[in-house]
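A structural walkthrough
Residue-level listing of the chains:
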Amino acid sequence: MAEMSQNFIHDFIDEELAPGGRCAGMRVHTRFPPEPNGYLHIGHAKAIYVDFGTAEKYGGLCNLRMDDTNPTKEDVTYVEAIQEDIKWLGFDWEDRFYFASDYFEEMYGYAEELIGKGLAYVCQLTPEEMKANRGDVGKPAQSPYRDRPIEESLDLFRRMRAGEFPDGAMTLRGKIDLASGNFNMRDPVIYRISHMHHHRSGDKWCIYPMYDYAHPLEDAIENITHSLCSLEFEDHRPLYEWVRDNVSVKGNPRQIEFARLNMTYTVMSKRKLRQLVEEGHVSGWDDPRMPTLCGLRRRGYTPASVRNFAERIGVAKAASTVEYGFLEHCLREDLNLSAARVMAVLRPVKLTITNYPEGRSETFMVENNPNRPEDGEREVTFSRNLYIEAEDFMEEPAKKYFRLFPGNEVRLKGAYVVKCTGCVKDEAGNVIEVLAEYDPDSRGGNPADGRKIKGTIHWVDESTCLEAELRLYDNLFTDPAPDAGDKNFIDALNPDSLKVLTGCKVEKSLGEAKIGEAFQFMRMGYFSLDPKDAGPGKLVFNRSVTLKDSFKKEGD
RNA sequence: UGGGGUGUAGCCAAGUGGUAAGGCACGGGACUUUGACUCCCGCAUCCGUUGGUUCGAGUCCAACCAUCCCAGCCA
């Protein structure tokens, strides 16, 4: 994997690694700490790249840690999916796979330590009262329990743990600064009561540490040197450091924040993605239109393309929204190098070569990838009856159209040059068959007299081709910023984001296609089998991305 | 109008006082048995604004403007 390019985080780490710096002589150690309450998406891919990539750049380590401090939304199915997605991306946490819940006992001990130092107290304000007593810009927060004696807080905290009190009855709060301009410091709750089954610790606990308290401890316990997270935690950093510095945990991690990824024509929040799934706007978390890693994978995205995308968008602190087209560019760039070229007709119309004998056929060898001769050739069958793309014929050609129209010559890729002589229509006036004559002296597509043929189109042989279902995708939303401001993103859903084409005609070689194998359907885009719906004798392809097209207006 | 951030091209993004990298997009051209790919060329006299310091400012200072995040017993 190519080394990550320099960014502001690395500048900072360089300083800390220098003689006299906080991390002089130490090994860089980062972590990726998802909460197992949903599926990973392309935004996480950036974070994963930053966390693992930074460690790798410095010859350090990166842990995978499930930040499971709130059992209400968490589930094991997510922890498995998360691991699968990270592995798919190509990153390796080796044997360093941890759970925040494994540190509950240790964290509890540090909480008693804080109480003992007079730095935490049990507060019995109800959630509503706490909210009402939070104060405002000019008015400090309040809690009548703030000066509760240490012994009393300790006793109450132990009884909280023992399960003597119902949810919400009391909390443990850090005793910091009720008047701070940073509301995170106004005696934040660090433990709450929640009588809930935890996916890992079961019913052992009924009190759970809050993120702001737990995270710095998790990092310190794992000896993390750099805790990289997104910008919204920037004003939590003073609290992160307060916890780290007021408890006897050994580690000394430092939090650094960077901008999270936003993209056009999609949404990135777990809540919204969940809504798309639950309301049935998509077929599931792995719907090929979803920005989830499982969705992208099913769509045909390669790990390399996603990693390369993450590398090229950079890491900075300015809020940014990357164009979705850039992700697509990264996919094309990768697939162009590796995907085998094949011919497939999405919207078939018959092409009859009227001067080619009936019953005769011949085979041609066609290169699999013109950019890579070493990929070899394959056989395609040619005969009198073929299928071509309906859009490759126009009875009355548009301006600059150089495909099939009466009187015009076109090359059938790898076979012969043919000249259009007309077409057959049904009663409604639809073209149902295109007629042409071939030039016998153009075998392989090279006219004997050397005349130039401007257009080359793809085709398949009627009697040997296979039928397939092709699924074409477009942006999930018609609005580049579907959830900006107070917009309801559901209103911006693209009704045409999925087009299912049946009865498509694909060349015979595609019968050997394997799950995970990418193809370029010449002139039509990159496709791969749908891993869920394709099966023996059932060809179902997803279009991963279109080809760039300087002629057509639409990328259908 | 509290606290914390951020403003360099349509979108990302380098730049760390010495005269605006790179990528995507876009436009033009060459090549082409994919209107793809590839290859050339073009694309910020200017860095949110206004002042100031300096021989010299995107880089330093000041003020202002814009914009994002924060008042969960979520993460």
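We now turn to the structure provided with this report.

Procedures and definitions
Residues numbered from 1 in each chain as written. Chains lettered and ligands numbered in written order. Predicted model: local features only at pLDDT ≥ 70, side-chain atom pairs only at ≥ 80, totals over all residues. Heavy atoms only, no water. Helix = DSSP H or I, 4+ residues; strand = E, 2+ residues; numbered from the N terminus. Rg over C-alpha atoms; globule rule 2.2 N^0.38 Å. Buried < 20%, exposed > 50% of the residue type's maximum accessible area, 1.4 Å probe, protein only. Contact = heavy atoms within 4.5 Å. Areas by Shrake-Rupley, 256 points an atom, 1.4 Å probe, with all protein chains shown as cover. Lys, Arg positive; Asp, Glu negative; His and termini not counted. Charge placed at Lys NZ, Arg CZ, Asp CG, Glu CD. Pairing = 2+ DSSP bridges. Right-handed = clockwise from strand over helix to strand, strands pointing away. Axes fitted to C-alpha atoms, helices over the stretch in contact; angles between N-to-C directions. Parallel < 35°, antiparallel > 145°, perpendicular 65-115°, else oblique. Left-handed = near helix turned anticlockwise from the far one by under 90°. Nonpolar A, V, L, I, M, F, W, Y, C, P; charged D, E, K, R; others polar. Polar contact = N/O pair within 3.5 Å; in protein donor to acceptor, adjacent residues only side chain to side chain. Near = heavy atom within 4 Å. Core = buried A, V, L, I, M, F, W, Y, C linked by side-chain atoms within 4.5 Å. Disulfide = S-S within 2.5 Å. Expected span 1.5 Å × (residues − 1). Arc of directions from axis to C-beta. Salt bridge = Lys/Arg side-chain N within 4 Å of Asp/Glu carboxyl O.

1. Things to note about the overall build of chain A
Summing up its helical and strand segments, chain A has 12 helices and 27 strands in all. At 31 Å, chain A has a C-alpha radius of gyration far larger than the 24 Å of a compact globule built from 556 residues. For chain A, the C-alpha atoms occupy an extent of roughly 100 × 55 × 45 Å along the three principal directions. A total of 556 residues make up chain A; the buried ones form 53% of that total. Looking at chain A alone, contacts between residues at least 24 apart form 70% of all its contacts between residues at least 6 apart. Carbon and sulfur atoms form 48% of the exposed surface of chain A, whose accessible area is close to 24,600 Å². The distance from the centre of the 72 positive side-chain charges to the centre of the 92 negative ones in chain A is 2 Å.

2. Considering the pairing of strand 1 (residues 29–32)
Going residue by residue along strand 1, you find His29 and Arg31 tucked away on one face and Thr30 and Phe32 tucked away on the opposite face as well. As paired elements, strand 1 and strand 2 (residues 61–66) share 4 bridges and run parallel to each other. Pairing of Arg31 across the sheet is with Asn63, part of strand 2. A crossover connection joins strand 1 to the parallel strand 2 through helix 2 (residues 42–57); in handedness this β-α-β unit is right-handed.

3. A word on the packing of helix 4 (residues 104–116) against helix 6 (residues 150–161)
In contact at an axis separation of 9 Å, helix 4 and helix 6 are set at 160° when each is read in the N-to-C sense. Taken as axis vectors, helix 4 and helix 6 run roughly antiparallel relative to one another. The way helix 4 lies across helix 6 gives a crossing that is right-handed. In this structure, helix 4 contributes Glu105, Tyr108, Ala111, Glu112, Ile115 and Gly116 to the contact, and helix 6 contributes Ile150, Ser153, Leu154, Phe157, Arg158 and Arg161. Tallied by class, residues from the contact of helix 4 with helix 6 come to 6 nonpolar, 2 polar and 4 charged.

4. Section: the environment of Asp530
Residue position: Asp530 is located in the loop between strand 26 (525–529) and strand 27 (540–545). C-alpha separation for the pair Asp530 and Glu469, spaced 61 residues apart in sequence, amounts to 10.0 Å. Excluding anything up to four places from it in sequence, Asp530 contacts Pro288, Arg298, Arg471, Ile515, Val540, Phe541 and Asn542. At 2.9 Å, the side chain of Asp530 and the side chain of Arg298 are in polar contact.

5. Things to note about the protein's contact with RNA strand B
Within the structure, RNA strand B sits among 63 residues, and Arg134, Asp235, Arg341, Gly444 and Gln520 are positioned closest to it. Backbone atoms, meaning sugar plus phosphate, form 67% of the atoms of RNA strand B positioned within 4 Å of the protein. In this structure, Pro127 approaches RNA strand B through a main-chain N or O atom, which is 3.2 Å from a base nitrogen. Within the side chain of Arg523, a nitrogen or oxygen atom sits 3.0 Å from a phosphate oxygen of RNA strand B. Mapped onto the surface near RNA strand B, the elements with two or more residues apiece are helix 5 (127–132), strand 6 (189–193), helix 11 (303–313), strand 11 (320–322) and helix 12 (324–338). Counted by class, the surface near RNA strand B contains 22 nonpolar, 20 polar and 21 charged residues.

6. Focus on the sheet that holds strand 14 (residues 348–353)
In spatial order, the strands read 21-18-19-20-14-17-22; together these 7 strands make up an open sheet with mixed pairing. In this open sheet, the two edge strands, each paired with only one partner strand, are strand 21 (456–457) and strand 22 (459–461). In this structure, strand 18 (residues 409–412) lies alongside strand 19 (residues 417–425), joined through 3 bridges in antiparallel fashion. Pairing of Val410 across the sheet is with Val418, part of strand 19.

7. Some details on the nonpolar core
Ranked by size, the top nonpolar core spans 47 residues in total, and within it Ile42 and Ile86 carry the most contacts. Among the elements that take part in this core, helix 2 stands out by supplying 8 residues, more than any other. Ile86 has contacts with Phe32, Leu40, Ile48, Phe52, Leu64, Phe91 and Trp93, leaving out every residue within four places of it along the chain. Residues Ile190, Trp205, Tyr208 and Val247 belong to the second largest nonpolar core, which totals 35 residues.

8. Considering the environment of Ser201
Relative to the helices and strands, Ser201 resides in the loop between strand 6 and strand 7 (207–209). In sequence terms Ser201 and Phe104 are 97 residues apart; their C-alpha atoms lie 9.1 Å from each other. Not counting the four nearest positions on each side in its chain, Ser201 is found in contact with Phe104 and Tyr208.

9. Structural notes on the sheet that holds strand 24 (residues 498–506)
If you walk across this open sheet you meet the 7 strands as 12-25-26-27-23-24-13, and the pairing is mixed. Bordering the open sheet on either side are strand 12 (340–342) and strand 13 (344–345), each of which pairs with just one other strand. In the packing of helix 12 onto the sheet, the strands contacted are strand 12, strand 25 (518–521), strand 26 and strand 27, and the crossing angle to strand 27 comes to about 115°.

10. Some points on the state of the cysteines
Tallied over the entire structure, the rule returns 0 disulfides. Of the cysteine sulfurs around Cys420, a residue in no disulfide, the closest is that of Cys423, at 7.0 Å. Its relative accessible area of 2% is what places Cys420 among the buried residues. Take Cys504: it sits in no disulfide, and the sulfur closest to it among the cysteines is that of Cys465, at 11 Å. What makes Cys504 buried here is its relative accessible area of 0%.

11. Examining helix 6
Taking 1.5 Å of rise per residue, the 12 residues of helix 6 would be expected to cover 16 Å, and the 17 Å separating its terminal C-alpha atoms lies within 8% of that figure. Of the positions making up helix 6, those classed as buried are Ser153, Leu154, Leu156, Phe157 and Met160. Angular distribution of buried residues about the axis of helix 6 spans 170°; they occupy a single face of the element. Contacts made by the buried residues of helix 6 are with helix 4, strand 4 (120–123), strand 5 (171–174), strand 6 and strand 7. Positive phi appears at Gly163, one or two residues downstream of helix 6, with a value of about 85°.

12. A look at the pattern of salt bridges
Under the defined criterion, the tally for this structure stands at 49 salt bridges. Its salt-bridge partner being Lys204, residue Glu105 comes within 3.9 Å of it at the nearest N-O pair. Within this pair, whereas Glu105 is found in helix 4, its partner Lys204 is found in the loop between strand 6 and strand 7, the two being separated by 99 residues in sequence. With a shortest N-O distance of 2.7 Å, Arg471 and Asp533 are connected by a salt bridge.

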